[in-house]
Amino acid sequence: MCGANGVPAALNGRMISIEPIQRLANADIRSRALPDIVSGRKGSSLGITEPSGGSDVAGMKTTARFDSGTNVINESKTFITGGMTSDFFVIGARTGGDGLAGISLFFVDAATPGFSRTPLDRKMVWWCAD
Ligand SMILES: Cc1cc2nc3c(=O)[nH]c(=O)nc-3n(C[C@H](O)[C@H](O)[C@H](O)COP(=O)(O)OP(=O)(O)OC[C@H]3O[C@@H](n4cnc5c(N)ncnc54)[C@H](O)[C@@H]3O)c2cc1C
């Protein structure tokens, strides 16, 4: 174990997004993203928590709809470890009805049009992570 929290923050921030990509993404996404993420050339994050709350995942407000061949995701996420620097994101969004069963995970490239990010204004602790 390492006493510096920046190391587990960096590793865990990656690991929670690597597993869904590895287990759930198609072969194209896996081969495009995983070698760069695992080698450290690119960063990845998991985006679940929203400004309205994080504990109640089943109450997620972000929605996604399929429009003209594109998935359009609306809403915002917060407290995303690595969120200011990651290249790839696994984003939870509601595609179905209420509750957990209505939530899907999307692989999102940070270069996607409409994607934006804002640093947290000020934090009390854990300054080693963004
Ligand atoms: C260092 C750090 C890194 C993080 N990294 C990520 C990340 O990479 N990706 C990501 O998606 N999220 C991330 N998060 C967000 C984290 O998942 C949320 O902070 C967490 O889920 C709690 O959500 P919240 O802060 O909105 O608190 P809330 O959900 O608003 O909860 C506030 C308080 O209310 C309590 N509470 C909530 N619901 C109930 C209930 N029904 N009954 C009783 N008490 C309740 C909670 O226990 C808590 O004490 C990170 C958070 C931190 C601190």
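Further up the page is the structure itself.
No experiment lies behind these values; they were computed from the predicted model shown.

Engineer: Help me out: how do you make sense of the site of the ligand in this one?
Structural biologist: Neighbouring the ligand are the residues I16, L46, G47, I48, T49, G53, G54, S55, F79, I80, T81 and W126. Taking G54, its main chain carries an N or O atom lying 2.7 Å from an oxygen atom of the ligand. One of the backbone nitrogen or oxygen atoms of F79 is found 3.0 Å away from a nitrogen atom of the ligand. Considering the ligand on its own, with 970 Å² of exposed area, one finds that the protein chains cover 40% of that surface.

Engineer: Can you walk me through the packing of aromatic side chains in this structure?
Structural biologist: Here the distance between the centres and the angle between the planes together describe a pair of aromatic rings. The tally for this structure, following the rule as stated, stands at two aromatic pairs. Both rings, one in F88 and one in F107, keep their centres 5.2 Å apart while their planes meet at 35 degrees; by these two values the pair is tilted. Placement of F88 in strand β4 (residues 88-94) and of F107 in strand β5 (residues 103-109) is noted, with a sequence separation of 19 residues between them. For F88, a relative accessible area of 2% puts it in the buried group. Ring centres of F89 and F115 lie 5.0 Å apart, and the angle between their planes is 45 degrees; this geometry places the pair in the tilted category. In this pair, F89 is assigned in strand β4 and F115 in the segment after β5, connecting sequence segments 26 residues apart. The class of F115 is partly exposed, set by a relative accessible area of 26%.

Engineer: Can you help me understand helix α2 (residues 27-39) in this one?
Structural biologist: One full turn of an α-helix is made of 3.6 residues, so residues set three or four places apart face in the same direction. If you check α2, its first and last C-alpha atoms are 18 Å apart, about what 13 residues at 1.5 Å a residue would give, namely 18 Å. At A33, α2 shows its largest bend, some 30 degrees, and a proline, P35, comes one to four positions later. Three or more residues of α2 are buried, namely A33, L34, D36 and I37. Along its buried surface, α2 packs onto α1 (6-24), β1 (44-47), β4 and β5.

Conventions adopted
- Residues numbered from 1 in each chain as written.
- Predicted model: local features only at pLDDT ≥ 70, side-chain atom pairs only at ≥ 80, totals over all residues.
- Heavy atoms only, no water.
- Near = heavy atom within 4 Å.
- Polar contact = N/O pair within 3.5 Å; in protein donor to acceptor, adjacent residues only side chain to side chain.
- Areas by Shrake-Rupley, 256 points an atom, 1.4 Å probe, with all protein chains shown as cover.
- Phe/Tyr/Trp six-rings, centres within 6.5 Å; stacked < 30°, edge-to-face > 60°.
- Helix = DSSP H or I, 4+ residues; strand = E, 2+ residues; numbered from the N terminus.
- Buried < 20%, exposed > 50% of the residue type's maximum accessible area, 1.4 Å probe, protein only.
- Expected span 1.5 Å × (residues − 1).
- Bend = angle between axes of the 7 residues up to and from the residue.
- Contact = heavy atoms within 4.5 Å.

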